[in-house]
Amino acid sequence: MFKNTFAVTLSFILVFPCFAQLSKPSIEAPNVGWGWFNLRMSDNSVKPFATDWYLFDPVKNQVVLKTQCDPSMCNELCRGEYDGDSYDIREKLVIGNTPGQNYIAKVRYSDGNRWSDWSEPINIQVPPEDLITGNELNIIVWGDEFVIGPDYCGVESSVRVQGSKSDMDHFCHALENDLRRITNKNIRVINEGQAGSKLSDWKQIMEQKYNSIYADEERYPVALFFYGANDIKSSQTTNEYAKTLNDLIYFITQEKKRRSMISSASYSTREELMPYDKQFGFRSQWNLVMALNLQNNNLLYKGIDLYQIMKNDSLRYLSGDGYHLDLTEGSVEIVHILSPKLEEMINRITKTDGPISLEQKINLWWNKNDNELVFDRQNLPLDRAFLSLYDLSAKKRISQPIEWSKNAISTVKVNTLVPGIYSVILTDSAQKIILSQKIWIE
């Protein structure tokens, strides 16, 4: 009798926690800026299986961010009614929100079998955008999948959709916000993407815009391209794609004299849309054509390879259809990858003495073991520079001079910084930027 009673009691003790109610979480919004803020959850009793971030816009009277997955819309792509954001389970970056706007936020989480109660809602008052003076500089974005496409699985993320072209102008507005933040320049990102477009379509249909709307090369000095996906779906060969890409590079950089960054967007997990061997062939041609042109073309810049990014982390970057970018997740991360590259292009436009040569480039890396930034000046004739380090909220965290020893290495201890992404800027004695780079500090 005692054994049975003990067994029942022990069984109750072991099983009971599985059915205990999930604790009610708390939510806060650290690092609130005019175009971005973080949502952070705490007081959860278990590691979340998924999180439902919820943001409400009182002015529009609508939900602008909700990450619970809707099985009725996703079918087999949803893991069930308790599925949601399975990547940002404790912290969510919101980018592209309206400056000067008020939002109401709350959060809940699931263990895969049930949702917790909602947290108490909080009000987030976004400050107005900093006053940025100076001439307007426009970046024109051309392409397809990367700039236009809906959200999937019933996830609403229109908080990041404030662009001027359409309700799907999500990525371009987020990019504009980030570039204005890190450069403090009056930058506008113009979305000229067209669904279903290919490289050859741009040459045939959109070329005329550079002879009319965008003829002013001082006002529209930068072009950003994302091509590859629809080219792979077409009947053209890899050699035809390479020739079209080469013609595009010549037209935009040599004829129109525009600084141009071209990225490869050739990736899909759906073999019926894009066979793997054809994806690989187009990607190889993109790398080859870019390498050959970069040797003698100072107006051409190599962008990002979406194939490699999506392949390494499809959960973050690839939507449920296995073809489009996931606008609820991937855009923000891609913006942070692209912004420093575009910042370098923009800085070179304003320089009169030209960029630092490749042989004189300063290398920067993070030494985790010693908690320090390491600067290698290589053969650059420089003894001293000034370091400014900013966090994602654009707050300056470090401001100090640095000097190089005879071995061309200089280090800076950063023991007081919390882990995260920081912007590192070095200037010389004439206050010219000689290094501008983002780095992850652990």
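Structure: see above.
In this text the structure is predicted, and so the values were computed from the model without any measurement.

Reading the values: the criteria
Residue numbering note: each chain is counted from 1, following its sequence as written. Only residues with pLDDT of 70 or above have their local features reported here, since the model is predicted, and side-chain atom pairs are shown and tallied only from 80 upward, although totals for entire chains, interfaces and linings are computed over all residues. Processing note: side-chain calculations cover all non-hydrogen atoms of the structure and skip hydrogens and water entirely. Strands here mean DSSP runs of E at least two residues long; helices mean DSSP runs of H or I at least four residues long; both are numbered from the N terminus. The length a helix should cover is 1.5 Å for every residue beyond the first. Residues are treated as being in contact if the distance between any of their heavy atoms lies within 4.5 Å. Each pair of strands is called paired provided DSSP finds at least two bridges between the two strands. The axes used here are C-alpha line fits, helices contributing only the stretch in contact, and every angle between their N-to-C directions lies in the interval 0 to 180 degrees. Any Phe, Tyr or Trp ring, taking Trp's six-membered ring, that has another such ring centre within 6.5 Å forms a pair; planes under 30 degrees apart are called stacked, those over 60 apart edge-to-face, and the others tilted. The buried label applies to any residue whose accessible area, calculated with a 1.4 Å probe on protein chains only, is under 20% of its type's maximum; exposed applies above 50%, and partly exposed to all values in between. A positively charged side chain is recorded as over a ring if its NZ (Lys) or CZ (Arg) lies within 6 Å of the ring centre. The angle to the ring normal must also be within 35 degrees.

## Quick look at helix H7 (residues 276-294)
Taking 1.5 Å per residue, 19 residues should reach 27 Å; H7 reaches 27 Å between its end C-alpha atoms and fits that length. Buried residues along H7 sit in contact with helix H5 (229-233), helix H6 (238-255), strand S11 (259-264), strand S12 (300-305) and helix H8 (306-312).

## Observations regarding the sheet that holds strand S1 (residues 26-28)
Taken in spatial order, the three strands line up as S1-S2-S5 in an open sheet, and their pairing is antiparallel. Because the sheet does not close on itself, it has two edges, and the strands there are S1 and strand S5 (91-95). Averaged over all pairs of adjacent strands, the angle between strand axes in this sheet comes to 20°, irrespective of strand direction. In terms of strand pairing, S1 meets strand S2 (residues 36-42) through three bridges, oriented antiparallel. What sits directly across from glutamate 28, in S2, is arginine 40.

## Digging into the packing of aromatic side chains
Within this structure, the stated rule accounts for eleven aromatic pairs. Ring centres of tryptophan 142 and tyrosine 210 lie 5.8 Å apart, and the angle between their planes is 35°; this geometry places the pair in the tilted category. With tryptophan 142 in strand S8 (residues 137-143) and tyrosine 210 in the loop between helix H4 (199-206) and strand S10 (222-227), the pair connects residues that are 68 residues apart, well separated along the chain. As far as burial versus exposure is concerned, tryptophan 142 and tyrosine 210 are alike and both buried. Aromatic side chains phenylalanine 225 and tyrosine 227 sit 6.2 Å apart centroid to centroid with 35° between the ring planes, which places their arrangement in the tilted category. Side by side, phenylalanine 225 and tyrosine 227 carry an identical accessibility label, which is buried. Aromatic rings pair up to connect Trp142, Tyr210, Tyr214 and Tyr220 into one cluster. The residue whose ring lies beneath lysine 106 is tyrosine 54, and the NZ or CZ to ring-centre distance is 4.7 Å. When the ring centre of tryptophan 118 is taken as reference, the NZ or CZ atom of lysine 106 above it lies at 4.5 Å.

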